[in-house]
Amino acid sequence: MFYKSTRDSSIKVESSVAITQGISADGGLFVPETIPEITLDEIKNLGNLSYADRAAFIFKKYLTDFTDAEIHYCTDNAYSTKNFETESIAEISQLFDGTYMLELWHGPTCAFKDMALQILPYFLTTSAKKINLDKKIIILVATSGDTGKAALEGFKDVEGTQILVFYPEDGVSPMQKRQMTTQSGENVGVCAMKGNFDDCQNGVKAIFTDSQVKEKMEGAGLMFSSANSINWGRLVPQIVYYISSYASLAESGEISLGDKINVVVPTGNFGNILAAYYAKKMGLPINKLICASNINKVLTDFIETGVYDRNRDFYATCSPSMDILISSNLERLLYIITGHDDAQIREWFTSLAETGRYEVSDAVKKVLSEEFYGGYCDDEQTKSTIHDIYAKYSYTCDTHTAVAVKVYEDYKNATGDTTKTIIASTASPYKFSASVLESIEGRNSDLDEYEMVDKIAELSDIPVPAALAELKDKERRFKDSIEKSDMTSYVLKEFGLN
Ligand SMILES: *Cc1c(COP(=O)(O)O)cnc(C)c1O
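Residues numbered from 1 in each chain as written. Predicted model: local features only at pLDDT ≥ 70, side-chain atom pairs only at ≥ 80, totals over all residues. Heavy atoms only, no water.

(A) Main features of the side chain of Gln183. Within the secondary structure, Gln183 sits in the loop between helix 8 (174-181) and strand 8 (188-194). Polar contacts involving the side chain of Gln183 include one to the side chain of Glu153, which spans 3.3 Å. Not counting the four nearest positions on each side in its chain, Gln183 is found in contact with Lys149, Leu152, Glu153, Lys156, Val188, Arg477 and Phe478. (Helix = DSSP H or I, 4+ residues; strand = E, 2+ residues; numbered from the N terminus. Polar contact = N/O pair within 3.5 Å; in protein donor to acceptor, adjacent residues only side chain to side chain. Contact = heavy atoms within 4.5 Å.)

Written out as structure tokens, the structure reads:
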């Protein structure tokens, strides 16, 4: 299996190269040349395996340059109860009849990003060895809050790597900020940036493709890689839990093998839902992919009109990990839908960079609306959804997951579709305590962050994750804050490249 760049189909590399590079030198994203199949029989057999073995089975279809031993080394280390609080790794909880919450936040940083970032360092160091890389890998991360912490936790003290995370100073929750700025490890760095997530992501992408920076890096024996979902190594682990959850539901008799299901995903950078799309293309019986956004609803509009337009106000919401106007992974989807038309992708994404807008053809728009349903809700609706499902089902969910639940309700009302449905639950409610508590109690709380955590513990039946409880006594290590125009010089300084 080879990987091609979305902006130049003549670029063709093995998975180990795609993973170490993170992004193609032409600015395109790596995608598998073909999408491998999974049969219903294979899915049935997964039902008897551990999560690590399910993952290994799927990775073998994509990472064909890895040996079986290398794949199992990665999966066994990443997906164990050393790192995750539940044996199942991805826990399924029935919200009500035929609607299941796929809880992807039982990992060390309490967000779904752990599902991929616990394994990415193993993929990356294994890949580097395979291609005889003699450079130190610098992981540069732009985060809307959760990726940063999950990447820090995954890469801390991993030999041959160093990691630097940029986050938008006022764009993350207090718990997220605390998680990052107290990070331990000798090879980690964290810096706040005065701007929003899109500025952050643009800054990092620009550094990746800056030829002068690249030259300096090479001179110093360093190379960049990415832990954002532009890296294929971030995406492929996310395919696993959709297939795995289907296998579990079939195994337990909740669905019959071959039944179609809907999948609802609270979406930002379009990575998580793209993984569900890959699962569908592989053969997983998925009916509709429901793309849920907050008030930054650039994706809802795109699915409805075929026009992607980021020229609009940016809102800071109570679901900050979805406060994004440039959803990078859409590029991969459009590459697939256009039949790998790299010239077309170049045109659209050049237009996006230059004018903030592109418009797809009617044919593409038609495929989009067949495969996806897009919806959004505002903060008020998010909070009332948290309140309602707590009251009705005694289930406590975070703000991002609540956006998905609300959009799913709207979808059901609009279509009458009663297909069984999996909702991706992307973060622990404890990461967004203030909003969650305010929603449940119906008023603002005057408790501090940790008192709020304790209060939620009283109200819900979810134990406080040890990793969050510990933060209270940790010292803040990282205090730097810079202008967005200073990101490149900060990076050069951090790595001694001036
Ligand atoms: C990152 C994140 C999202 C958005 O996922 P994408 O893959 O970027 O679409 C949603 N919810 C939470 C809690 C997240 O951390």
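(B) Representation of the site of the ligand within the structure. Of all residues adjacent to the ligand, which total 15 residues, the nearest are Lys113, Asp146, Gly268, Asn269 and Asn272. In this structure, Lys113 approaches the ligand through a side-chain N or O atom, which is 2.6 Å from an oxygen atom. At 2.8 Å, a backbone N or O of Gly268 approaches an oxygen atom of the ligand. About the coverage of the ligand: the protein hides 98% of its 380 Å² of free accessible area. Of the residues in the shell around the ligand, the class split is five nonpolar, eight polar and two charged. (Near = heavy atom within 4 Å. Areas by Shrake-Rupley, 256 points an atom, 1.4 Å probe, with all protein chains shown as cover. Nonpolar A, V, L, I, M, F, W, Y, C, P; charged D, E, K, R; others polar.)

(C) Spotlight on the sheet that holds strand 2 (residues 8-13). Ordered by their spatial adjacency, three strands build an open sheet running 2-1-3, and the pairing between neighbours is antiparallel. A single partner strand is all that each edge strand has here, and the edge strands are strand 2 and strand 3 (30-32). Ignoring which end each strand starts from, the neighbouring axes of this sheet average 40° apart. Strand direction decides the pairing type here: strand 1 (residues 3-5) and strand 3, joined by three bridges, are antiparallel. Note on strand 3: the bridge partner recorded for Lys4 is Val31. Of the strands in this sheet, strand 1, strand 2 and strand 3 touch helix 14 (residues 330-337), which is tilted by about 45° from strand 3. (Pairing = 2+ DSSP bridges. Axes fitted to C-alpha atoms, helices over the stretch in contact; angles between N-to-C directions.)

(D) Main features of the pairing of strand 4 (residues 91-96). Where strand 4 lies against strand 5 (residues 99-103), five bridges are found, and the strand directions are antiparallel. Paired with Ser93 across the strands is Met101, a residue of strand 5.

(E) Region of interest: the pattern of salt bridges. Taken as a whole and judged by the stated rule, the model has 21 salt bridges. Between Asp146 and Lys431 there is a salt bridge, with the nearest N and O atoms lying 2.7 Å from each other. Linking Asp146 in helix 7 (residues 146-155) with Lys431 in the loop between strand 15 (421-425) and helix 19 (433-441), this pair joins segments that are 285 residues apart in sequence. When sorted by exposure, Asp146 lands in the same class as Lys431, which is buried. (Salt bridge = Lys/Arg side-chain N within 4 Å of Asp/Glu carboxyl O. Buried < 20%, exposed > 50% of the residue type's maximum accessible area, 1.4 Å probe, protein only.)

(F) Geometry of the sheet that holds strand 14 (residues 372-376). Strand order in the open sheet formed by six strands is 4-5-15-10-11-14, and the pairing between neighbours is mixed. Looking at strand neighbours, the two that pair on one side only are strand 4 and strand 14, the edges of this open sheet. Neighbour to neighbour, the strand axes of the sheet diverge by 25° on average, direction disregarded. In terms of strand pairing, strand 10 (residues 261-266) meets strand 11 (residues 286-293) through five bridges, oriented parallel. Bridging from a neighbouring strand, Pro266 pairs with Ala292 of strand 11.

(G) View of the layout of surface pockets. Each pocket or cavity is described by its volume, and for the largest pocket that value is around 760 Å³. If you go around the largest pocket, you meet 39 residues; those closest to its centre are Tyr122, Glu153, Gly154, Lys156 and Val158. Those elements that place two or more of their residues in the lining of the largest pocket are helix 4 (68-78), helix 6 (120-130), helix 7 and helix 21 (466-469). The dominant element in the lining of the largest pocket, judged by the number of residues it contributes, is helix 6, at six residues. (1 Å grid on protein atoms, 1.4 Å probe; cavity = no way out; pocket = protein on both sides within 12 Å on 5 of 7 lines; lining within 4 Å. Points joined across faces, edges and corners; volume = space filled by probe spheres on them.)

(H) Spatial organisation of empty space enclosed by the protein. Following the criterion strictly, the structure yields two cavities of 30 Å³ or more and no others. Volume-wise, the largest cavity comes out at about 270 Å³. Contributions of two or more residues to the lining of the largest cavity are made by helix 7, helix 11 (232-251) and helix 12 (271-282). Partitioned by chemical class, the residues of the lining of the largest cavity number nine nonpolar, 13 polar and four charged. Lining the second largest cavity we find Ala142, Gln201, Val204, Lys205, Phe208, Ser226, Asn228 and Ile230. The residue makeup of the lining of the second largest cavity, split by class, is four nonpolar, three polar and one charged.

(I) Spatial organisation of the packing of aromatic side chains. Enumeration according to the criterion identifies 21 aromatic pairs in this entry. Seen in terms of ring centroids, Tyr408 and Tyr411 are 6.4 Å apart; in terms of plane orientation they differ by 25°. Their pairing is stacked. A residue pair is termed a helical-turn pair when its members lie 3 or 4 positions apart in one helix, as Tyr408 and Tyr411 do in helix 18 (residues 399-415) at three residues. Grouping residues by exposure puts Tyr408 and Tyr411 together as buried. (Phe/Tyr/Trp six-rings, centres within 6.5 Å; stacked < 30°, edge-to-face > 60°.)

Remember that the coordinates give geometry; whether it matters functionally is a separate question.
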